[in-house]
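Letter by letter, the chains look like this.
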Amino acid sequence: MYKSLTNYSDKVDDAFLFILSVIVFFFVAISITIVVFLVKYRAREGRVAKQIEGNNMLEVIWTVIPLILVLVMFYFGWRGWKPMFSKAPKDAMVINTTSRMWNFGFEYENGKRTDTLYIPANKAIKLDLESIDVIHSIYIPAFRLKQDMVPGDNKSVWFIANEPGRHDLFCTEYCGLRHSYMYTAVVVMPEDEFNEWYVDTTKREIQAAPGVHPGLAIMQANACNTCHSLDGSRLVGPSYKGLWGKEEVVVTNGKKRTIVVDEEYIRRSIWEPNADIVDGYNKGLMQSYKDQITAAEMDSIIVFLKGLN
Ligand code: CUA
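Note that the structure is a prediction, hence the values are computed from the model and not measured.

**Examining the overall build of the protein chain**
At step 1: The number of helices and strands found in the protein chain is 6 helices and 13 strands.
At step 2: Its C-alpha atoms give the protein chain a radius of gyration of 28 Å, clearly above 19 Å, the size a compact globule of 309 residues would have.
At step 3: Here the C-alpha coordinates of the protein chain stretch approximately 95 × 50 × 35 Å along the principal axes.
At step 4: Classification of the 309 residues of the protein chain by burial places 20% in the buried group.
At step 5: In the protein chain, the proportion of contacts linking residues at least 24 apart, taken out of those at least 6 apart, comes to 66%.

**Here we look at the domain arrangement of the protein chain**
At step 1: By domain assignment, the protein chain separates into domain 1 (9–40 + 55–83), domain 2 (93–203) and domain 3 (214–307).
At step 2: For domain 1 versus domain 2, the distance between C-alpha centres works out to 35 Å.

**Some details on the packing of helix 4 (residues 214–221) against helix 6 (residues 295–307)**
At step 1: One can describe the packing of helix 4 onto helix 6 by two numbers: an axis separation of 7 Å at closest approach and a directional angle of 115°. The angle between helix 4 and helix 6 falls in the class roughly perpendicular. In the crossing of helix 4 with helix 6, the sense of the turn from one axis to the other is left-handed. Where helix 4 abuts helix 6, its residues Pro214, Gly215, Leu216, Ile218 and Met219 lie against Glu297, Ser300, Ile301, Val303 and Phe304.
At step 2: Per-class residue counts for the contact of helix 4 with helix 6 are 7 nonpolar, 2 polar and 1 charged.

**Here's the deal with the sheet that holds strand 13 (residues 276–278)**
At step 1: In space, the 3 strands of this open sheet follow the order 12-11-13, with antiparallel pairing throughout. Bordering the open sheet on either side are strand 12 (255–260) and strand 13, each of which pairs with just one other strand. Here the strands of the sheet are splayed against their neighbours by 45° on average, with no regard to which way each runs.
At step 2: Both strand 11 (residues 247–252) and strand 13 contribute to a ladder of 3 bridges, which runs antiparallel. If you follow Val250 over to strand 13, its bridge partner there is Val278.

**Thoughts on the sheet that holds strand 4 (residues 117–120)**
At step 1: Read from one edge to the other, the open sheet built from 5 strands follows the order 4-10-9-6-7, with strand pairing classed as mixed. If you trace the sheet from one side to the other, it starts and ends with strand 4 and strand 7 (145–149), each paired once. Taken over all neighbouring pairs, the strand axes of this sheet differ in orientation by 20° on average, direction set aside.
At step 2: Against the sheet, helix 3 (residues 191–199) engages strand 4 and strand 10 (183–189), with an angle of about 130° to strand 4.

**Some details on the packing of helix 5 (residues 263–271) against helix 6**
At step 1: It is the contact of helix 5 with helix 6, at a shortest axis distance of 11 Å, that shows an interaxial angle of 125°. Classified by the angle their axes make, helix 5 and helix 6 are oblique. Read as a crossing pair, helix 5 and helix 6 show a hand that is right-handed. Across the interface between the two elements, Glu263, Ile266, Arg267 and Ile270 from helix 5 touch Met298, Ile302 and Leu305 from helix 6.
At step 2: In terms of residue class, the contact of helix 5 with helix 6 is made up of 5 nonpolar, no polar and 2 charged.

**Quick look at unusual backbone geometry**
At step 1: Residue Trp102 is reached from Met101 by a cis peptide bond, and omega for that bond is 0°.
At step 2: Even without a glycine there, the phi angle at Arg144 is positive, about 60°.
At step 3: Along the chain, the position of Arg144 falls in the loop between strand 6 (136–140) and strand 7.
At step 4: Exposure remark for Arg144: the 23 C-beta atoms within 10 Å place this residue in the buried category.

Parameters at a glance
- Each residue is numbered by its place in its chain's sequence as written, counting from 1.
- Side-chain atom pairs in this predicted model are given and counted only at pLDDT of 80 or more, local residue features only at pLDDT of at least 70, and totals for whole chains, interfaces and linings cover all residues.
- Helix and strand labels come from DSSP, where a helix needs a run of H or I of at least four residues and a strand needs a run of E of at least two; each type is numbered from the N terminus.
- Throughout, the radius of gyration refers to the C-alpha atoms, and the reference size of a globule is 2.2 Å times the residue count to the power 0.38.
- Counting other C-beta atoms within 10 Å of its own, a residue is labelled buried from 20 upward, exposed at 12 or fewer, and partly exposed in the gap between, with every C-beta atom placed from the backbone.
- Here contacts are defined at the residue level, using C-beta atoms placed from the backbone and a cut-off of 7 Å between them.
- Where each domain begins and ends is defined by an automated method or by a domain database.
- Fitting a line to C-alpha atoms yields each axis, with helices limited to the stretch in contact; the angle taken between N-to-C directions then spans 0 to 180 degrees.
- Throughout, the term roughly parallel applies to angles under 35 degrees, roughly antiparallel to angles over 145, roughly perpendicular to angles from 65 to 115, and oblique to all others.
- Less than a right angle of anticlockwise turn of the near helix away from the far helix marks a crossing as left-handed, whereas a clockwise turn marks it as right-handed.
- Classification convention: Asp, Glu, Lys, Arg as charged; Ala, Val, Leu, Ile, Met, Phe, Trp, Tyr, Cys, Pro as nonpolar; all other residues, Gly among them, as polar.
- In short, DSSP must find at least two bridges between two strands for them to pair.

In structure tokens form, the structure reads like this:
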């Protein structure tokens, strides 16, 4: 019925199947009993209802059986939960996993960064989880992996993926307007293929698809487009359309002022997004991209935004 894709996922499935079996058993048993009793004890001429007051034997049975059942459920649940949160093996590959409104970022030990989680099969992987704004939750259903990412409370999970494949990875904690955009994938590769991908630093820079401006590719890789549109429509943040050279009213330290959108303004808006807030938008929704967007990438973004006019 299920394939075990990680070192512990079959244990999670055991818990699920046990609980499901208990539910199905009692649903069927209770439904049948209801029907039988409806017929057997229906009102009939001359029959008087008998009042029963207390039955110790019955009470012991319906206390002890559920107690045993929930303890077994706990046992199966514990068995599935424990491996993920136990101490990771020393040779585990550590991947820094960051969540923010609204995307995931993965950073490897050699500095490689991606928005999709690439991992080798049959190797212990440790995800160091950090949220830089609000509560998110990382969820890989195929791996039975789920963990809340609470700002200021960094946790780790570890696992071994058993075989190559591609699976959904998404945020499963409602984290604001564009929560549904926190949707990416985990790609499990054979170890040699992964090693080739891993050491290939030429692919370190974001590769633009044919016909896509490199600046736009960088913004897409950082999920800027989930909050800023290209066509002038209002999303969480201002649109890029006609932005360059525009006069904009911004709120700086609580005071309104008018600025002209230039290079300095763009840099500030990406690296210190809460310094100037365009009038009518909310503060605090965007955090700094200082660690995500390099100076060279910034230049490329500026060229792209200039070209939009
Ligand atoms: Cu992040 Cu929902």
